[in-house]
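The primary structure of each chain is shown beneath.
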Amino acid sequence: MKYRKDGVMNETAGFELVKHIRSEKKDIPVIIQSSNQDYEEDAYRLKSIFINKNSENLVQEFKSFIMHYLGFGNFIYRDQHGRKLVEVKSLKEFEKHLRTIPNESILYHAKKDHFSLWLMARGEIQAAKILHPKKANDFKEPESIREYLINIIQKFRDEQNQGKVVPFEETAILDEANIVTLSEGAMGGKGRGLAFINSIIYNFDFSNYVQGINIKAPRTSFIGTDEFEYFFDRNNLHYVRTEEFPYEQIKKLFLKAQLTPTLTSRLKSLLKMIKKPLAIRSSGLFEDSLMQPFAGIFETYLLPNNHPDPNVRLQQVMDAIKLVYASVYSDVARGYFKAVNYKIEEEKMAVIIQEVVGNQYENVFYPHISGVAQSYNYYPFAHQKPEEGFAVTAVGLGKSVVEGERAYRFSPKYPTTAIISIKDQVQNSQVQFYAVNLKNQNPDLLEGDTAGLSKLDIYDAEKHGTLKHCASVYDINNNAISPGIDKPGPRVVNFANVLKYKYAPMAETIEVVLDIVKEAMGCPVEIEFAINLNKDKDYKTSFYLLQIKPMIGGAQDYEVDMDKINKDDIILYAEKGMGNGLIKNIRDIIYVDNKLFDKSKTEEMVKEIEQLNAKMSKSGKQYILIGPGRWGSRDKWIGIPVDWPQISNAKVIVETSLEGYPLDASSGSHFFHNVTSANVGYFSVQPEKSGSFITYDKLDNQELIENTKFFRHVRFKKPIKVRMDGKKRISVITQ
């Protein structure tokens, strides 16, 4: 209200400024703010809002002004006297009532520029810019204003709604081009990625780059982080954030708690329209972020969504949401937060509800192909380059891939080049796959993320008719693999008909999508996808983008010159190394005693390494970890199925092959993603395929700190040196 004018304090400068503005622009919204309540009446005479500076509701009053006067709230159609006729929330409703409101109402709003103001506030900037210069007296009668407005709105609603995150309304759910907001708040990492996917898919013409395939996103809704906060407030659960309760107890506590009535009613509307199985996914604020991706740390639940009672279906979805919230406080998540030095109470969880991609076969539901692809390949083979990326695919749901079970790895640039020998292809071929179990209409979600799933034999896929383009047959007599499954013999899942004979342009699509997403995000990326091989009326298959996350990759140059290294000092040499730079502060190595290794006891090994890791963490020491097979695989027969927090203090992780225990580069997406982002060295040592080796006698001769049933923990007198050449992919550890 008062401020200096012409160098003198003017007690009523605010009023004078408003009068000056009103002489030019009669209807501009104005707030007059003062700590003197006596000015209120004068402010109203000037058709201004008065706000007392000392008001306890100051923020709320500002918010109310912004919502009602600057066009950010719902649009209220009024008659010529300013009385409310109807309130609309969306552009669709706005257009519907625009056709029927009286002419006087059209004139009232047009004269005050309300239409362009509201459109501008909603982000429909182009439409607002076209409308704004037009004045009511540019038109002969109100009816022509109405027609002009309807044309503009229709044009921009059709164009602009493509690939947008839109507020909840029942009609928006059916449009798979939109992501529908079921409650307010931040979208979390996965949510941001999905919004980004949608905007790319619906605003970018992929057909210029790859033909014969539809690139889509599944129908998606999200629950913002506000609901997570309300959940704690309404149910008095804040104590869970600060006290360490057992995870099983937290899950039961959360299941008894209530979600808000608004969300419950919106979920009910959603389930009326969606009858396919649903994935209820976590989307934490930290998840899939650039520095600490938290990949696979929180839960995802797949629901059959086919119970005959709609109330049971609703309860299952609500239970899954609550259990996703509870997964913030799981042992794995707590371990991860500790390892990366984050405060668990700072995490807020959004939730994504996504239709599962696929088709029904008997009592199960799954896609033909699921996979993960990364734009940076830490294990290039032959003439492949790291920046050309790689993909890992499997029949059925993507759980096989992200958990590091048996799956098929290939380069999208050279899809016909086999990365491993025929013998290893047969040995490592996918033999089981995941599908949503439609028979179990009431899964017990407390069993974990596999409660709604079935694990089937690959021959079931053959019975369903989904294997014919995905597998080949191994001919024992000729030691050859022939595409198609029309002959007897062991099935090898290698997607030959898709990759070699182009039944669908999978490799080209992955290459193009990776390239565009990487360019758009400005860093190496990982995508998750699913493919439906059934062709539509245009003879096109469908490629669904499910998720995008940033990767830390593209190593800078650190050169290793093997000629300058004393051969007698070498403890380990790897030709397939990931990582870059020099580490020279480590003295400890923990390794599996190969003589005692037993692939049926890998789960026991997890407990041992977790305890060893905890001791190292407590003492503040990092170490080098060496063991056979794939670290972090969910398949206990091909590696030690650790979660990343269980080995979080390892600065270098080494995978080795043993006789009868072949090693294919680790492809468990979640585990791998966390390891690469934590800047951990990751080496593959396969003496039978390369010049890589480990001198175990050097390890055996060091001071033994601890000997468990399967592991040896040794310490060197002086720090050892780890050199990693990011360009040549070679790594060497020396005394």
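Look a little higher up for the structure.
Anyway, here's the lowdown on the structure attached to this text. (Residues numbered from 1 in each chain as written. Predicted model: local features only at pLDDT ≥ 70, side-chain atom pairs only at ≥ 80, totals over all residues. Heavy atoms only, no water.)

## Here's the deal with the overall build of the protein chain
No. 1: A count of helices and strands for the protein chain gives 24 helices and 35 strands.
No. 2: Within the protein chain, the fraction of its 735 residues that count as buried is 55%.
No. 3: Sequence separation of at least 24 residues holds for 70% of the intrachain contacts in the protein chain that already meet a minimum separation of 6.
No. 4: Working note: accessible area of the protein chain is about 33100 Å², and carbon and sulfur atoms make up 49% of it. (Helix = DSSP H or I, 4+ residues; strand = E, 2+ residues; numbered from the N terminus. Buried < 20%, exposed > 50% of the residue type's maximum accessible area, 1.4 Å probe, protein only. Contact = heavy atoms within 4.5 Å. Areas by Shrake-Rupley, 256 points an atom, 1.4 Å probe, with all protein chains shown as cover.)

## Remarks on the sheet that holds strand β11 (residues 278-284)
No. 1: Read from one edge of the open sheet, six strands run β7-β8-β10-β13-β11-β12, paired in mixed fashion. Of all the strands in the sheet, the pair left with one neighbour each is β7 (165-167) and β12 (300-303). Looking at each pair of strands side by side, their axes are set apart by 25° on average, direction ignored.
No. 2: Sheet topology places β11 next to β12; four bridges connect them, and they run antiparallel. When the sheet's bridge partners are listed, L278 is paired in β12 with L303.
No. 3: The sheet contacts of helix α14 (residues 261-273) involve β8 (179-183), β10 (220-223), β11 and β13 (349-355), and relative to β8 the element is tilted by about 145°. (Pairing = 2+ DSSP bridges. Axes fitted to C-alpha atoms, helices over the stretch in contact; angles between N-to-C directions.)

## Details of the pairing of β8
No. 1: Among the five residues in β8, five count as buried, and that is most of the element.
No. 2: As judged from the four bridges shared by β8 and β10, these two strands associate in the parallel manner. Along β10, the bridge assignment pairs S183 with I223.

## Here's the deal with helix α15 (residues 310-326)
No. 1: Compared with the 24 Å implied by 1.5 Å per residue over 17 residues, the 24 Å span of α15 between its first and last C-alpha is a close match.
No. 2: In terms of residue burial, α15 counts as a mostly covered element, since 13 of its 17 residues are buried.
No. 3: Two or three places before N311, at the start of α15, stands the capping residue D309, its side-chain oxygen 2.9 Å from that residue's backbone nitrogen. (Expected span 1.5 Å × (residues − 1). Polar contact = N/O pair within 3.5 Å; in protein donor to acceptor, adjacent residues only side chain to side chain.)

## What about the sheet that holds strand β25 (residues 541-550)?
No. 1: Overall, mixed pairing links the six strands, which are arranged β9-β25-β24-β16-β17-β18 in an open sheet. In this open sheet, the two edge strands, each paired with only one partner strand, are β9 (213-216) and β18 (408-410). Across the sheet, the mean angle separating the axes of adjacent strands is 25° when strand polarity is ignored.
No. 2: Of the strand pairs in this sheet, strand β24 (residues 525-532) and β25 are connected by eight bridges, and their pairing is antiparallel. In the strand pairing of β25, V525 is matched with P550.
No. 3: Contacting β9 and β25, helix α10 (residues 188-203) crosses the sheet at an angle of about 135° to β25.

## Brief notes about the environment of Y558
No. 1: Tracing the sequence through the fold places Y558 in the loop between β25 and β26 (570-574).
No. 2: Every residue in contact with Y558, bar those within four places of it in the chain, is listed here: N580, G581, L582, R723, M724, D725 and G726.

## Considerations on the packing of aromatic side chains
No. 1: For the structure shown, the criterion picks out 20 aromatic pairs.
No. 2: Between Y408 and F495, the ring centres sit 6.3 Å apart and the planes meet at 55°, which makes this aromatic pair tilted. Taken together, the residues span a long stretch of sequence, with Y408 in strand β18 and F495 in the loop between β23 (491-493) and α20 (496-499) at a distance of 87 residues.
No. 3: For F495, a relative accessible area of 0% gives the class buried. (Phe/Tyr/Trp six-rings, centres within 6.5 Å; stacked < 30°, edge-to-face > 60°.)

## Brief notes about the nonpolar core
No. 1: Grouped together as the largest cluster of nonpolar side chains are 56 residues, with contacts concentrated most on V395, L467, F495, M506, I510, I527 and F543.
No. 2: Per-element accounting of this core gives the leading share, eight residues, to helix α21 (residues 506-521).
No. 3: Excluding residues that lie within four positions of it along the chain, L467 makes contacts with V395, I458, A461, E462, I485, R491 and V493.
No. 4: Core analysis: the next-biggest nonpolar cluster, separate from the first, contains 44 residues, I250, I274, Y301 and V317 among them. (Core = buried A, V, L, I, M, F, W, Y, C linked by side-chain atoms within 4.5 Å.)

## Description of the pattern of salt bridges
No. 1: Inspection of every chain in the model, using the stated rule, returns 25 salt bridges.
No. 2: Between R219 and E355 there is a salt bridge, with its nearest N and O atoms 3.0 Å apart. Of this pair, R219 sits in the loop between β9 and β10 while E355 sits in strand β13; the two residues are 136 residues apart in sequence, bridging distant segments of the chain.
No. 3: Given the relative accessible area of 11%, E355 is considered buried.
No. 4: Residues E248 and K251 are paired through a salt bridge, measuring 3.4 Å at the closest nitrogen-oxygen approach. One end of the pair is E248 and the other is K251, both in helix α13 (residues 247-256) and three residues apart, which spans about a single turn.
No. 5: Exposure remark for K251: the relative accessible area of 4% places this residue in the buried category.
No. 6: Shared partners join several salt bridges into a network, and the residues in it are E41, D42 and R45. (Salt bridge = Lys/Arg side-chain N within 4 Å of Asp/Glu carboxyl O.)

## A short note on the side chain of K698
No. 1: If you trace the backbone, K698 turns up in helix α24 (residues 696-700).
No. 2: For the buried K698, no salt bridge exists, and the shortest N-O distance to an oppositely charged side chain is 5.6 Å, to D697.
No. 3: Setting aside residues up to four positions removed in sequence, K698 forms contacts with D568, D569, I570, I571 and Q735. (Lys, Arg positive; Asp, Glu negative; His and termini not counted.)

## Details of the environment of V714
No. 1: Looking at the secondary structure, you find V714 in strand β34 (residues 711-724).
No. 2: On the basis of relative accessibility, which here comes to 0%, the residue V714 falls in the buried class.
No. 3: In sequence terms V714 and R587 are 127 residues apart; their C-alpha atoms lie 8.4 Å from each other.
No. 4: Sequence-distant contacts of V714, defined by excluding residues within four places in its chain, comprise R587, D588, I589, Y591, L699, Q702, E703, L704 and I705.

## Points about helix α22 (residues 602-619)
No. 1: Across its 18 residues, α22 extends 26 Å between first and last C-alpha, which sits within 8% of the 26 Å expected from 1.5 Å per residue.
No. 2: Among the residues of α22, T602, M605, V606, E608, I609, L612, N613 and M616 are the ones counted as buried.
No. 3: Contacts from the buried residues of α22 go to β28 (581-592), β29 (623-628), β30 (650-656), β33 (703-707) and β34.
No. 4: Just downstream of α22, G620 is the residue with a positive phi angle, here 70°.

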